[in-house]
Amino acid sequence: MAADGGSSSLQLPCVFSPKSRQFLALCAQDGRLRIWNTDSKTLHQEYVPSAHLSATCTCIAWGPCRTVKEGPQRKKRKSEAVQVEEKADLLAMGTAAGTVLIYSTAKGALHCTLDGAHSGGVNCVQWHPEESLLYSGSDDTNIVEWDLQTGKTRSKWKADRAAVTSLCVSPDGKLLLSAGHIIKMWDLDTKEVYRKFTGHSTAVTTLRFATTRPPDSNGLYFLSGAAHDRLLSVWQVREDGKDKNSVVSFTLTDEPQHIDLVTSNSKEEAVRLAVVCKDGQLHLFEHFLNGPCKKPLSPSCTVQMSDTKESPMPIPLLAAVLGADTRTVMLAYGSHLQPVMEKVEINTAERHVCLTRDVQTTLSLSMETTVSKVKTPIVNAKSKVLVPGLPGHQAPLKGTSQGSEKRKKDTDTKEMSIAERLGEIDLSTISEKGASKGTASLQTDNFAVLLVQGLESNDASILNKVFQTRKDMVIKKTVARLPLSAVLPLVEELTKRLQGHPFTASLMVRWLKAVLMHHTSYLASLPDLVTQLGVLYHVIESRVKMFHKLTKLHGKLYLLMTQMATSDSSKMVSDVDHTAKLVYEDESSDEDEASGDEGLPDEDSDHWEEDEAVEEAMTEDNQEESEDEDPDSRTESKANGEEDMEHENESEEE
């Protein structure tokens, strides 16, 4: 039987092999099936289904142990005849696409594929303990009985209105438990409902038979666990059919994820139970099933795991199985990609047990023992290999020694010290005219490395050299190449320097702007961001409050300066001569009346030729009179003379 009666699609399946507990089968987040050897703590086999990403594995169940033929063998004599050991071989995997994959650990390959019966994803698979039959429950509310000898469906029937989330076959192979929201017990011979049990408000994820007694003896018990439920309910199958409520309940700290139990064969034998919850804790129970119990039973022992750091973090338990001894438990903990298997002895006299383990050391040891399929390339010693890493730190691959030649150390290439690097970097912002062309150019990768070194060592000279640059592009690239661990120390250093001299504060603002542009998302993810940036916030707030007063003062000073500038410019303007150059007096009042029509020729005048001749004569007379006057006023007198002639012509016409 499988170690897990049924798994929810949200949980990653993790199952120990029956009887010997030699193998641990689990499907990780990448959809691959991995089988680990619990004795050697190494990866035994790995299988990648063809549709491991689209049709992920939702449930796993080990088949009953059987004798496996591993190839042609010679006939043995009767004296040599030894009883063949049965091993766990077949493994059933239900997928989200509605197919069931049968994997053989003896062959290390896929045995067969069962498909064509389910229209929805498979939620649970369960083996028949004796015959070569397999049962599967799906989202399409159907249960399918598969014949593994032919690879086809033997029967199919509708189990419930809702999806079938869990299955369990009785130890004698005559009854089948199925569950959605309602638990039903089926007679496998007639495929009819034997009993119904109601009591869970959510989908049932686990079903297990707790006793091996026949159903008509009032001694058949089974337990069930549901999603988001912190109780395991135990149900009794009674002869009179009055079994509507659960008789016993076990209290848990979270939803049950993996259950292993040792069944009870008689009333005098207790049921031993190991439950791994979703929060990573293990609860051990031991109870005699003999009628109802009103109070919920608390675990006899609770086991937790943590690492060995100063502030210990919990290590989640994935699965646990009980050993032959009451104190021995096989544990699987850590990550689904790299689980750690360990057999421990637990002092069940204590209510709470905490085991401390160094997971990183255990992982590194187990990874070294596994066979690596990656070959290390042979690199020529003369070639240069570029590897990713922190800019400025080079870690080239060393070429392997060919033949019996010894490696010679290159004494010419020496790593430069920090002082030499600082000396060679040109940090001046304005290049001088007489500077030589061979000076080293500004390199932003060296800036990033130097900035990290300066922050780690609190070296003021390195930080001063780096912070002196004013090129925005250099600042942006340097901040962009900083590792995330150096962002907070940089912000703290900038905050200190912002409170100093205004000249340095103006430079620090550029660096702070670049940090906020590149690393705002990282800073927002920090839980203690308010305490880390509190000083910087107060500095900015005080500067902003002072800025309002400074703008008022700037406006007043600007007004004063403009008034002083206008008064100075008015004094420099030369005095204007207001005396008239030419004064003209009118002789008669008729000309004043006609002055309004000056410049407008009379449309009714038919003597326009005579008018022109008279005008020319008058202009000549005016030119002779103006010769005695100032030469500057000639143009004005000419214009006045022409206007005078126009007035005279108009008066004559009248």
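Here the structure is a predicted model, which means the values were calculated and not measured.

Thresholds, definitions, all that
Residues numbered from 1 in each chain as written. Predicted model: local features only at pLDDT ≥ 70, side-chain atom pairs only at ≥ 80, totals over all residues. Heavy atoms only, no water. Helix = DSSP H or I, 4+ residues; strand = E, 2+ residues; numbered from the N terminus. Contact = heavy atoms within 4.5 Å. Areas by Shrake-Rupley, 256 points an atom, 1.4 Å probe, with all protein chains shown as cover. Axes fitted to C-alpha atoms, helices over the stretch in contact; angles between N-to-C directions. Parallel < 35°, antiparallel > 145°, perpendicular 65-115°, else oblique. Left-handed = near helix turned anticlockwise from the far one by under 90°. Nonpolar A, V, L, I, M, F, W, Y, C, P; charged D, E, K, R; others polar. Buried < 20%, exposed > 50% of the residue type's maximum accessible area, 1.4 Å probe, protein only. Pairing = 2+ DSSP bridges. Core = buried A, V, L, I, M, F, W, Y, C linked by side-chain atoms within 4.5 Å.

Undergrad: Would you explain the overall build of the protein chain in this entry?
TA: Tallying secondary structure elements over the protein chain gives 12 helices and 28 strands in all. Within the protein chain, residue pairs in contact and separated by at least 24 positions form 50% of the contacts whose partners lie at least 6 positions apart. Per element, the accessible surface of the protein chain, about 40,200 Å² overall, is 52% carbon and sulfur.

Undergrad: How should I be thinking about the packing of helix 5 (residues 472-480) against helix 7 (residues 502-524) in this particular structure?
TA: Two quantities define a packed helix pair, namely the angle between the helix axes and the distance between the axes. Where helix 5 contacts helix 7, the two axes come as close as 9 Å, and the packing angle between them is 45°. As summarised for this structure, helix 5 and helix 7 are arranged oblique, according to the angle between their axes. Viewed along their axes, helix 5 and helix 7 form a crossing whose handedness is right-handed. On helix 7, the residues that touch Asp472, Ile475, Lys476, Thr478, Val479 and Ala480 of helix 5 are Arg510, Trp511, Ala514, Val515, Met517, His518 and His519. Per-class residue counts for the contact of helix 5 with helix 7 are seven nonpolar, three polar and three charged.

Undergrad: For this particular structure, what's the right way to read the side chain of Thr165?
TA: For Thr165, the location among the structural elements is in the loop between strand 12 (152-158) and strand 13 (166-169). Overall, the relative accessible area of 16% leaves Thr165 in the buried class. Once you skip the residues sitting within four places of it in the chain, Thr165 turns out to touch Asn123, Cys124, Ala179, Gly180, Ala203 and Val204.

Undergrad: How should the sheet that holds strand 3 (residues 33-37) be read in this particular structure?
TA: Backbone hydrogen bonds hold the strands of a sheet together, and the pairing may be parallel or antiparallel. The strand order across the open sheet built from four strands is 1-2-3-4, with neighbouring strands paired in antiparallel fashion. Of all strands in the sheet, those bounded by a partner on one side alone are strand 1 (14-16) and strand 4 (42-47). In this sheet, neighbouring strand axes are inclined to one another by 20° on average, regardless of whether the strands run parallel or antiparallel. As paired strands, strand 1 and strand 2 (residues 23-27) are joined by three bridges and run antiparallel to one another. Opposite Val15, over in strand 2, you have Ala25 as the bridge partner.

Undergrad: Is there a simple way to explain the nonpolar core in this structure?
TA: Inside soluble globular proteins, nonpolar side chains tend to come together where they are buried. Among the nonpolar cores identified, the biggest contains 32 residues, and Leu451, Val466, Phe467, Leu490, Leu494, Trp511 and Val515 are the most heavily contacted of them. Mapped by element, the contributors of at least two residues to this core are helix 3 (444-457), helix 4 (460-467), helix 5, helix 6 (487-498) and helix 7. Here this core gets eight residues from one element, more than from any other, and that element is helix 7. Counting residues in each nonpolar core, the second largest holds 20 residues, with Val276, Met305, Leu317 and Leu322 among its members.

Undergrad: I would appreciate a short explanation of the pairing of strand 23 (residues 282-287) in the present structure.
TA: Along a regular strand, successive side chains alternate from one face of the sheet to the other. Counting buried positions along strand 23 gives five out of six residues, so the element sits mostly inside the fold. Here strand 22 (residues 271-277) pairs with strand 23 via six bridges, running antiparallel. Residue pairing for strand 23: Ala274 is matched across the bridge by Leu284. Counting the residues that bridge the hairpin from strand 22 to strand 23 gives four residues, and of these Gly280 lies at a positive phi of roughly 90°. Across three bridges, the pairing between strand 23 and strand 24 (residues 301-306) is antiparallel. In the strand pairing of strand 24, Leu284 is matched with Cys301.

Undergrad: Honestly, the sheet that holds strand 16 (residues 192-197) in this entry has me stumped. Any pointers?
TA: Across the sheet, four strands lie side by side as 13-14-15-16; this open sheet has antiparallel pairing. In this open sheet, the two edge strands, each paired with only one partner strand, are strand 13 and strand 16. Ignoring strand direction, the axes of neighbouring strands in this sheet form an average angle of 20°. Alignment of strand 14 (residues 175-179) against strand 15 (residues 183-187), held across five bridges, turns out to be antiparallel. Looking across to strand 15, one finds that Leu176 is bridged to Trp186.

Undergrad: Honestly, unusual backbone geometry in this entry has me stumped. Any pointers?
TA: Non-glycine residue Lys19 carries a positive phi angle of around 60°. Residue position: Lys19 is located in the loop between strand 1 and strand 2. For Lys19, a relative accessible area of 66% corresponds to the exposed category. In this structure, Thr141 is a non-glycine residue whose phi angle is positive, near 70°. Its location among the elements puts Thr141 in the loop between strand 10 (133-138) and strand 11 (142-147).

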